[in-house]
Amino acid sequence: MSKLLPFTGIALALAAWHFAAAAHPASLLPGPLMVARAIGELASRGLLLKYVVASLFRVTWGYLGALLLAVPAGMALGLSRRGEMALNPLLQLLRPISPLAWIPVAILWFGVGDLSAVFLIFIASFLPLTLATMKAVHDIDPVHLSAARNFDLPPHRLLRQVLLPAILPQLLVGMRITVGIAWLVVVAAEMIAVNSGLGFLIIDARNAGNRYDLVIAGMVLIGLIGVALDLLVRRAEQRIAA
Amino acid sequence: MKVRFHDVSMHFGAIEVLEAINLDVTEGELVCILGPSGCGKSTLLNIAGGFLEPSAGEVTIDGQRVSGPDRRRIFVFQERGVFPWLTVEGNIGFGLFDLSDAERRARIAHYVALVGLKGFERSYPRELSGGMKQRVEVARALAVNPDVLYLDEPFGALDSITRLQMRSELLRIWEAEKKTILFVTHDIEESVQLADRVVVLSARPGRVRRIVEIDIAHPRDLSSPRYLALRDEIFGEIGLAHKI
């Protein structure tokens with residue numbers, strides 16, 4: 001019984017959606033059965049896998065690239081007061097700019113294509129990851145840093161044995177939140193900058209004949225994959241924390 | 001003379017914390033620095049450990065001026081100094097990165113046994129009690145074979161029974177390893193139980209009020225007239241009547 005409880009809200013929403021759509025056939029909104037059929041259609045045309053893979057591909061590279069640069073950058077800023085004083089105002093200035101505002105710039109630099117979308121994911125992920133790393137470094141117990149200094153640890157050991165393990169729990173939380181942001185942004189980026197992916201599916205289905213069943217199919221898929229990504233990172237988080 | 005404080009003064013901004021501290025500690029001696037909260041005793045220990053630069057004066061060890069932390073002199077914090085992401089073994093071996101694997105393992109095994117943690121080598125600090133964590137930290141400090149140990153209220157967070165046990169263990173280890181120990185505490189009984197000499201500091205700014213020699217051999221009888229007399233002398237010195 002309690003295993004079913006988490007699905008209650010979803011089931012109720014599906015039922016309400018089904019009856020509302022059936023009661024107002026004149027509205028363009030398709031019911032859940034039509035959306036399920038649309039997902040089946042995408043699968044049979046080979047587009048389901050193609051679009052999902054395209055979106056995940058962009059998120060993966062943009063996100064990993066950001067992670068690779070943001071962790072060292074955040075650590076350097078977290079450890080150096082001067083560096084932080086010099087660069088933190090810039091980061092704070094960039095922070096309120098929606099990653100979507102970068103779309104024209106991305107197209108100007110990288111044209112319409114994968115690289116633009118990857119760049120946008122990178123921009124969206126880099127700042128939150130840098131700030132999360134910086135905060136995690138600030139929160140390291142000073143006693144642990146003092147102990148490391150006392151034992152005269154060489155820098156590479158300090159990094160591997162103290163700094164990285166100390167920031168890891170907080171960094172993982174930041175990584176999970178940022179995956180969510182990256183997934184939000186990829187959809188928007190694909191509506192404008194590329195010709196494949198789930199975001200493209202949504203905008204293309206509307207433009208090419210008001211196929212709202214495909215639009216909603218795209219939304220459902222985005223939701224499902226978003227949940228899967230979150231679970232994946234949570235799982236990694238638990239494994240590392242244990 | 002092992003450790004020598006020479007006219008050490010410290011102020012943070014306008015606040016005078018320590019005023020002209022002079023103190024000589026001989027090799028192998030266990031000296032307790034005792035004083036009320038906020039008297040600067042921890043600051044004094046941090047200066048000796050090289051973590052703080054005094055505003056005036058200097059600390060020398062074997063005649064050499066202390067200019068920073070050094071692995072020949074290890075600072076033991078309260079039990080929160082252990083690394084939660086390392087096992088007992090990993091913590092104790094933390095400072096042994098320049099030894100060969102075999103030496104490292106032998107050294108770890110020796111100190112695991114010395115502090116009575118056999119069977120817990122693979123445990124993480126969160127699985128240990130406060131007293132056990134404190135042992136890990138003491139073992140981690142001893143493993144690099146320092147000649148001075150600085151202990152900053154190491155047993156302050158422990159319950160009173162564990163605290164008594166830890167004191168007698170510290171004395172046992174001290175007698176086995178013959179280290180020079182500077183031990184900061186605000187606990188009068190603790191200082192009389194442990195120290196060769198008790199350095200009584202005044203309230204802020206900390207000055208040396210008096211140095212009391214505890215001329216009782218170990219193990220000390222905590223109800224002997226001499227113990228009680230010394231204890232009450234220090235109570236008096238701090239300005240507390242020993243009555244509640």
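Refer to the structure printed above.
Residues numbered from 1 in each chain as written. Chains lettered and ligands numbered in written order. Predicted model: local features only at pLDDT ≥ 70, side-chain atom pairs only at ≥ 80, totals over all residues.

**Student:** What am I meant to see in the interface of chain A and chain B here?
**Tutor:** For interface size, the figure often reported is the accessible area lost on association. Taken together, the contact between chain A and chain B spans 11 residues of the former and 14 residues of the latter. Elements represented by at least two residues in the side of chain A that touches chain B include exactly α7 (142–150) and α8 (155–193) of chain A. Top element by residues in the side of chain A that touches chain B is α7(A). It accounts for 6 residues. Taken together, the residues that form the side of chain A that touches chain B break down as 4 nonpolar, 3 polar and 4 charged. (Contact = placed C-beta atoms within 7 Å. Helix = DSSP H or I, 4+ residues; strand = E, 2+ residues; numbered from the N terminus. Nonpolar A, V, L, I, M, F, W, Y, C, P; charged D, E, K, R; others polar.)

**Student:** Whenever I open this one, the environment of B:Met1 confuses me. Can you help?
**Tutor:** All names here are of chain B. Assignment of secondary structure puts methionine 1 in the segment before β1 (3–12). Sequence separation of methionine 1 and leucine 44 is 43 residues, and the distance between their C-alpha atoms is 18 Å. When sequence neighbours within four positions are dropped, the list of residues in contact with methionine 1 reads Asp24 and Thr26.

**Student:** Sorry if this is basic, but what is going on with the sheet that holds strand β8 (residues 180–185) of chain B here?
**Tutor:** Backbone hydrogen bonds are what pair the strands of a sheet, in a parallel or an antiparallel way. Residues and elements named next belong to chain B. Read from one edge to the other, the open sheet built from 6 strands follows the order β6-β7-β8-β3-β9-β10, with strand pairing classed as mixed. Since the sheet does not close on itself, it has two edges, and those belong to β6 (73–76) and β10 (208–213), each with one partner. Recorded for the sheet is a direction-independent mean angle of 15° between the axes of neighbouring strands. Pairing analysis gives 5 bridges linking strand β7 (residues 148–152) to β8, with the strands arranged parallel. (Pairing = 2+ DSSP bridges. Axes fitted to C-alpha atoms, helices over the stretch in contact; angles between N-to-C directions.)

**Student:** How do you make sense of helix α2 (residues 32–44) of chain A when you look at a structure like this?
**Tutor:** One turn of an α-helix holds 3.6 residues; hence residues three or four places apart share an orientation. Residue and element names in this part refer to chain A. In a regular helix each residue adds 1.5 Å, so 13 residues correspond to 18 Å; α2 covers 18 Å between its end C-alpha atoms and thus fits that length. If you check which residues of α2 are buried, you get Val35, Ala38 and Leu42. Seen from one end, α2 has its buried residues packed into an arc of 55°, which puts them on one side. Opposite its buried face, α2 presents the exposed residues Gly40, Ala43 and Ser44, each directed more than 90 degrees away. Tucked inside the fold, the buried residues of α2 contact α3 (47–79) and α10 (212–241). Of the residues flanking the end of α2, it is glycine 46, one or two places downstream, whose phi is positive at about 80°. (Expected span 1.5 Å × (residues − 1). Buried ≥ 20, exposed ≤ 12 C-beta atoms within 10 Å, placed from the backbone. Arc of directions from axis to C-beta.)

**Student:** Mind showing me how you'd approach the sheet that holds strand β4 (residues 56–61) of chain B here?
**Tutor:** What the 4 strands build is an open sheet, ordered β2-β1-β4-β5 (chain B); its pairing is antiparallel. Every other strand in the sheet has two partners, leaving β2 (15–25) and β5 (64–65) of chain B as the edge strands with one partner each.

**Student:** How should the packing of helix α4 (residues 130–143) of chain B against helix α5 (residues 160–177) of chain B be read in this particular structure?
**Tutor:** Two numbers describe a pair of packed helices, the interaxial angle and the distance between the axes. Residues and elements named next belong to chain B. Following both chains from N to C, one finds α4 and α5 inclined at 15°, their axes separated by 11 Å at the closest point. The angle between the axes of α4 and α5 places the two elements in the roughly parallel class. Regarding α4 and α5, the two cross each other, and that crossing is right-handed. The segment α4 lies against α5, with Gly130, Gly131, Gln134, Val138 and Leu142 engaging Thr162, Gln165, Met166, Ile173 and Glu177. Tallied by class, residues from the contact of α4 with α5 come to 4 nonpolar, 5 polar and 1 charged. (Parallel < 35°, antiparallel > 145°, perpendicular 65-115°, else oblique. Left-handed = near helix turned anticlockwise from the far one by under 90°.)

**Student:** Please explain the pairing of β1(B) as it appears in this structure.
**Tutor:** Sheet faces and side chains relate simply in a regular strand, where the side chains alternate between the two faces. Residue and element names in this part refer to chain B. Taken together, the 7 bridges between β1 and β2 define a ladder with antiparallel strand orientation. In the strand pairing of β2, phenylalanine 12 is matched with isoleucine 15. Hairpin connection of β1 to β2: 2 residues between the antiparallel strands, including glycine 13 at a positive phi of 60°. As defined by bridge partners, β1 adjoins β4 across 5 bridges and the pair is classed as antiparallel. Within the sheet, the bridge partner assigned to valine 3 lies in β4 and is isoleucine 61.

**Student:** I'm lost on unusual backbone geometry in this one. Help?
**Tutor:** If a residue is not glycine, its phi is most likely negative; likewise, a peptide bond is most likely trans. All names here are of chain B. Proline 205 follows arginine 204 through a cis peptide bond whose omega is -5°. Counting through the fold element by element, proline 205 comes out in the loop between β9 (197–201) and β10. In the segment running from histidine 218 into proline 219, the intervening peptide bond is cis, with an omega of -5°. Here proline 219 lies in the loop between β10 and α7 (225–238). Residues other than glycine seldom take positive phi values, yet lysine 178 does so here, at roughly 55°. Relative to the assigned elements, lysine 178 resides in the loop between α5 and β8.

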